[in-house]
Structures are given as structure tokens and as C-alpha cells.
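A closer look at the structure
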Amino acid sequence: MVADGPRGGIDEQMLEELLAEAHAASPMDLPVLVSRLAPLVGAERIDLYLVDLQQRLLVPLVDGLPPLDIDSTMAGRAYRTLGLRMEETGHERLAAWLPLVDGAERLGVLGVTAVRVDTALMRRCRILASLLSMVVVSKREYSDAFARHTRLEIMRLPAELLRAFLPPRTIANRRATSTAVLEPAYQLGGDAFDHSLTESTLHTVILDAMGHDLSSGLATAVAMAACRSARRADADLPEMVDTIDRALARWLPEQYCTGILARLDTDEGILRWCNCGHPPPLLIRDERVLEDALERPPEPPMGMPSELLASPRTLHEERLRPGDRVLLYTDGVTESRIVGDVEFGLERFTDTIIRATAAGTMPAEALRQLIHSLLARQQDVLRDDATLVLVEWKPGL
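Here is a short report on the structure shown in this document. Computed from a predicted model, the values in this text were never measured in an experiment. (Residues numbered from 1 in each chain as written. Predicted model: local features only at pLDDT ≥ 70, side-chain atom pairs only at ≥ 80, totals over all residues. Heavy atoms only, no water.)

This next bit is on the overall build of the protein. When helices and strands are counted, the protein shows 11 helices and 19 strands. The C-alpha radius of gyration computed for the protein amounts to 23 Å, which stays within 12% of the reference 21 Å derived for 397 residues, consistent with globular compactness. Within the protein, buried positions represent 53% of all 397 residues. The long-range fraction of contacts in the protein, counting pairs at least 24 apart against all pairs at least 6 apart in sequence, stands at 65%. (Helix = DSSP H or I, 4+ residues; strand = E, 2+ residues; numbered from the N terminus. Rg over C-alpha atoms; globule rule 2.2 N^0.38 Å. Buried < 20%, exposed > 50% of the residue type's maximum accessible area, 1.4 Å probe, protein only. Contact = heavy atoms within 4.5 Å.)

Structure below.
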């Protein structure tokens, strides 16, 4: 057990003991460990909340506490803005909410209750929040505890298959961000995304396989594995597409997959991409969508018969401006139906994008709001997968 430190602080020895205990703890032992740490940092109570799969609720790891709504609570505001938020809780107590973040990926929040909140307490709690974020990420790789806790429904097999392949929702460095959302969260069929960063390149992929069943999920899984294999061998984009074409033709000849494979030079802002039968990307600049800015002649989906591919895949290129955002999406977004069985359509979609990306909202939060707006228009029932990937280039911003 971590010993009490001088003046309630965290010294080097205590930090070492804390790290040792955190590594040895099982996922569901974390609330007990966090509770024991409260007096050490000078708080009365500390609680750990993780975000649910659809980013609607913050779910406590300890039994007996209610989940917190992300859109209407101070804890949710800390999650939405990645900033410290405070509120009075009664009985002359204050609650401080700190975001739990792994790199750019939002995990949840840390709730701290104390009689008084000062700079020293916040410093200790920020150290604790950073540590707990790393612990959560490391332990969820080999335990189902966090997945069971943050899932509110039973997941269908195709969705389980695809989610095993997905990277974190959000990745970023100082020059670029890529963030994504998928719905229906528990019933995915053939949609997926991928993104990866190197020193000067952001790789982004969106995929949409034919159909909405296990074979669709298998096609997407094969396409993603082929894409990653080629990317890690330093293939260029047309070669990556060719690798996916050959993999699908060999292993799943009855399936095909639309998609966009893109690379952003994060130093120069040059976006290059191949579009394989997919809706064209949208360019958002100065809070408006530039109509047809990234539209190019269509090409066949990946996995189609070779006779349809008379020439190599075309590599497109566009130079971005600082602050530009590029949105990739699957046709399940624009072809979805709203009240009265009216198609949502590209015009409504772009209007929703502008509202979600206005006022400097960070990309991950803008996308969360965007997908929830889409779901609300359809009473939370989608007829097809809807996937969104938002890329932002922000050199020097």
C-alpha cells in the first residue's frame, strides 16, 4: 500500500509505489486503488469514469454510482472540452473533473471531491489522471472488464470482428489530427477505418464492404489487413490498393469493398489519395464546405474483376491550407432516412457538418456531435453503417 507522504504530496518513492500497485492491479481493482489514493493527494473521494462505446455516457467503475450524461453534466463538459471543470456538490464540498486522455484519445474523466481545491491538489490529480489513463489503455488489451463495463448492449458478431481491428478513435501530433466514429456501434456490418502516424505522414483509410453481414465484415477485415501489410512495407497508395484487390480476389472473390486510402504530408499539407468507388471526400475551409473541391472521376471498388481495371489506380493530389479539415464518410450517412422516409442527402449532411465544426470545436468533439445529430434525425435507428473520419491539418496553429 502507498504510504502517506510529506504534507500530503507525491514524492519520488510514493510515485514508484503507486506505479507498482497500478501495474499489479486488475482492471476492476482500480476503483479500490484510486479510493486509497484520495487521502494521499488531499481529496475526500476520487472516482474513475470511462466513456461508453457511443460517447453518450460516462460510466463509473464503482458500483452504486449513476452514469453521467456527456451533454448535460459538468463531468461531460470536462470530457467534451478536455479541460478542468469544477462545481459545488453540497455539504460545502467541491467536485473537480479532469479528463482522462491517452495521447489524443478521450477515455473518460476523473472525479475529485474535496473540501477545498487548490493548485497543489490539482497538480497531484493531473499526475494521477495521466497515470490512470496509461493503466486503462494497457489493461484493456488483455481484459474484457472495461469492455463489459462500457458496453450497454450485446454486440453482434460482425461488429465484434471489425472492432477487434480498429485503432483508437483519435490520433494526433502537433501538425495533424485524425478522428473517427462508427454507427450503429453494436451492429456494424462492413464499415471500418484506420489511421496511423509517422514522423511526417498521416495515413488514413475508410472502408465499406458490400452487404451487412459476417461476410461483409470478413471482406473489410481482409482489406484492412492487406492495407496495413502494404503500408508497413512502405508501399505507395496505388500499390496498397493493388494489394487489397489481390487479397480480396484470392480469399473472398464474391466480395468487393469501396474505400479511400489517403496520405497527408504533415509538413507541407499535401493530401494524396486513391478513391475506389467511394463517395468523394469533403473539404471544409473557413467553416464551410467547398463544393466538389476533392471530387475526381470515379474508379471501381476494390476486389472487382480484373477486366474492369484496365489501368493502374489514379493517385489524386490537393494542397491544403492551415486549418483545413477533410471529411471522409460512407454512403450510409447520406443515404440514411429521416422522418417521413426522406433521404438525409448530401445537402443536409453538409449543413450538419458546418454546425458541428463551427466555433473552433476540436475534431473529435465535432465528429461526436455530428454522428449524434445524424442518429437523432433517425430516432437512433440506422439502416446501414455510417462511418465518418475527420482529418485536420494545423501546422503552427
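The structure having been displayed, the exposition proceeds.
Turning our eyes to something else, we now look at the sheet that holds strand S9 (residues 191-197). Taken in spatial order, the 5 strands make up an open sheet running S9-S10-S11-S12-S15, and their pairing is antiparallel. The open sheet is flanked by S9 and strand S15 (316-319), the only strands paired with a single partner. The average undirected angle you get between the axes of adjacent strands in this sheet is 15 degrees. Relative to strand S10 (residues 201-209), S9 runs antiparallel, the two sharing 7 bridges. Its bridge partner being in S10, Phe193 is matched across the sheet by Ile206. Sitting on the sheet, helix H8 (residues 237-251) is in contact with strand S11 (257-265) and strand S12 (270-276), with an inclination near 155 degrees to S11. (Pairing = 2+ DSSP bridges. Axes fitted to C-alpha atoms, helices over the stretch in contact; angles between N-to-C directions.)

Inspection of every chain in the model, using the stated rule, returns 0 disulfides. Not part of a disulfide, Cys257 finds its nearest cysteine sulfur in Cys276, a span of 8.8 Å. (Disulfide = S-S within 2.5 Å.)

Let us look at the pairing of S10. Most of S10 sits inside the fold, with 9 of its 9 residues counted as buried. Neither face of S10 is open: one carries Thr201, His203, Val205, Leu207 and Ala209, the other Leu202, Thr204, Ile206 and Asp208, and all of them are buried. The hairpin turn running from S9 into S10, its antiparallel successor, is 3 residues long. The pairing of S10 with S11 spans 9 bridges and is classified as antiparallel. Its bridge partner being in S11, Thr204 is matched across the sheet by Ala262.

Tracing the backbone through its elements, the reader meets Asp245 in helix H8. Residue classification places Asp245 among the buried positions, given a relative accessible area of 9%.

Let us now look at the packing of aromatic side chains. Under the criterion given, the structure shown has 1 aromatic pair. A centroid spacing of 5.7 Å and a plane angle of 70 degrees characterise the contact between Tyr49 and Trp97, whose relative ring orientation is edge-to-face. Remark: Trp97 occurs in strand S5 (residues 93-102) and Tyr49 occurs in strand S1 (residues 45-51); sequence separation between them is 48 residues. Summarising the burial analysis for this pair, Tyr49 and Trp97 share the class buried. (Phe/Tyr/Trp six-rings, centres within 6.5 Å; stacked < 30°, edge-to-face > 60°.)

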